[in-house]
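# Chains, contacts and geometry: an overview
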Amino acid sequence: MEFLLPFGITKETIAQVIKNNDETFIENLICDQEMVINNLNYFKEIGIKRINDLLIERTDLFLVPTEILKEKLDKFNLNVLSELVNEDFCNLELIDMY
């Protein structure tokens, strides 16, 4: 999962993600690196700063196809959404991703 390091994800975060998820899920993250990176970049683009926390607690969001993620989140005022998520990333649970 070292592919995440150049994007500001810490080694500690990667270790926690590996600890929190089963081997198959981690393999999916590795196989879908492009989507994971696209989602990570999208979160940054809309102003979300707590990417490491988000990756630990809501790893599933990084395997949502990027277009679906954008479609779901673009329905909201992204400035307000990013503020809410930066205050408490659990606010993303209010959005149905599937």
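What comes next concerns the included structure. (Residues numbered from 1 in each chain as written. Predicted model: local features only at pLDDT ≥ 70, side-chain atom pairs only at ≥ 80, totals over all residues. Heavy atoms only, no water.)

## With respect to the pattern of salt bridges
In the structure shown here, the tally under the stated rule is two salt bridges. Notably, a salt bridge pairs arginine 50 with aspartate 53, separated by 3.0 Å at the nearest N-O pair. The salt bridge involving arginine 58 is made with aspartate 60; its shortest N-O contact spans 3.0 Å. Of the residues examined, aspartate 60 reaches a relative accessible area of 23% and is grouped as partly exposed. (Salt bridge = Lys/Arg side-chain N within 4 Å of Asp/Glu carboxyl O. Buried < 20%, exposed > 50% of the residue type's maximum accessible area, 1.4 Å probe, protein only.)

## Side note on the environment of asparagine 79
Along the chain, the position of asparagine 79 falls in helix H6 (residues 78-87). Among the residues examined, asparagine 79 registers a relative accessible area of 58% and is labelled exposed. Along the backbone, asparagine 79 and isoleucine 46 are 33 residues apart, and their C-alpha atoms lie at a distance of 7.3 Å. (Helix = DSSP H or I, 4+ residues; strand = E, 2+ residues; numbered from the N terminus.)

## Examining the side chain of threonine 13
By the secondary structure assignment, threonine 13 is in helix H1 (residues 11-20). Not counting the four nearest positions on each side in its chain, threonine 13 is found in contact with Asn52, Leu55 and Ile56. (Contact = heavy atoms within 4.5 Å.)

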